[in-house]
Amino acid sequence: QVQLVESGGGLVQTGESLRLSCAHSGGSFGFTVMGWYRQAAGKERDMVAIITPGSSTQYAESVKGRFTISRDNSKSTVYLQMNSLKPEDTAVYYCNARDMRYATPGVWGQGTLVTVSS
């Protein structure tokens, strides 16, 4: 039912910025906790940022002050603004949507690759 389509990844230099987008379809966007996760080569998938239906946010310590998660309910889209990018940010970034009304693991996007050159 729910599908996520991500975009915005690419290759940038250290210190530059990118904005990732995740378009949510299938309805009930207003009930979903949206999140961005990333997985670097050889590492676990980790939470980067989460935003609730009420727009409360949570960030990984490694990205605080540099990344901003936001949502546009009129477009059913969540964004991740990434500033001051570092090589350590290189990873595949995944969008996740979890309906807060149900006890489910949520739905994942396909992932988008972000590469930060050193």
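Above this text you will find the structure in question.
Predicted model, so just to flag it, every value in this text is computed and none were measured. (Residues numbered from 1 in each chain as written. Predicted model: local features only at pLDDT ≥ 70, side-chain atom pairs only at ≥ 80, totals over all residues. Heavy atoms only, no water.)

Draft legend 1. View of the state of the cysteines. As enumerated under the stated definition, the model contains one disulfide in all. The partner cysteine of Cys 22 in its disulfide is Cys 95, sulfur to sulfur 2.1 Å. A torsion of -85 degrees about the S-S bond marks the disulfide between Cys 22 and Cys 95 as left-handed. You can see Cys 22 sitting in strand β3 (residues 18-25) and its partner Cys 95 sitting in strand β9 (residues 91-99), a full 73 residues away along the chain. Grouping residues by exposure puts Cys 22 and Cys 95 together as buried. (Disulfide = S-S within 2.5 Å. Helix = DSSP H or I, 4+ residues; strand = E, 2+ residues; numbered from the N terminus. Buried < 20%, exposed > 50% of the residue type's maximum accessible area, 1.4 Å probe, protein only.)

Draft legend 2. Broad picture of the side chain of Thr 32. On the secondary structure map, Thr 32 appears in strand β4 (residues 32-39). Its relative accessible area of 3% is what places Thr 32 among the buried residues.

Draft legend 3. Expanded view of the side chain of Arg 66. With respect to the helices and strands, Arg 66 occurs in the loop between β6 (57-59) and β7 (67-72). What makes Arg 66 buried here is its relative accessible area of 11%. Arg 66 has contacts with Gln 81, Met 82, Asn 83, Ser 84, Leu 85, Lys 86 and Asp 89, leaving out every residue within four places of it along the chain. (Contact = heavy atoms within 4.5 Å.)

Draft legend 4. Structural context of the nonpolar core. Met 34, Trp 36, Leu 80, Met 82 and Tyr 93 are the most contacted members of the largest nonpolar core, which has 26 residues in total. Within the residue set of this core, elements represented by two or more residues are β3, β4, β5 (45-51), β7, β8 (77-82), β9 and β11 (112-117). The element contributing the most residues to this core is β9, with four residues. (Core = buried A, V, L, I, M, F, W, Y, C linked by side-chain atoms within 4.5 Å.)

Draft legend 5. Representation of the pattern of salt bridges in the model. Within the structure shown, the criterion is met by four salt bridges. Between Arg 66 and Asp 89 there is a salt bridge, with the nearest N and O atoms lying 2.8 Å from each other. One end of the pair, Arg 66, is in the loop between β6 and β7; the other, Asp 89, is in the loop between β8 and β9, and 23 residues separate them in sequence. Note that Asp 99 is salt-bridged to Arg 101, the shortest N-O span being 2.8 Å. Accessibility expressed as a relative area gives 13% for Asp 99, which makes it buried. Using a relative accessible area of 39% as the deciding quantity, one classes Arg 101 as partly exposed. (Salt bridge = Lys/Arg side-chain N within 4 Å of Asp/Glu carboxyl O.)

Draft legend 6. Spatial organisation of the pairing of β3. Across five bridges, the pairing between strand β1 (residues 3-7) and β3 is antiparallel. Looking at β3, one finds that Glu 6 is bridged to Cys 22. The sheet contact formed by β3 and β8 spans six bridges and is antiparallel. Considered in β8, the bridge of Cys 22 is made with Val 78. (Pairing = 2+ DSSP bridges.)

Nothing here speaks to function; it is geometry throughout.
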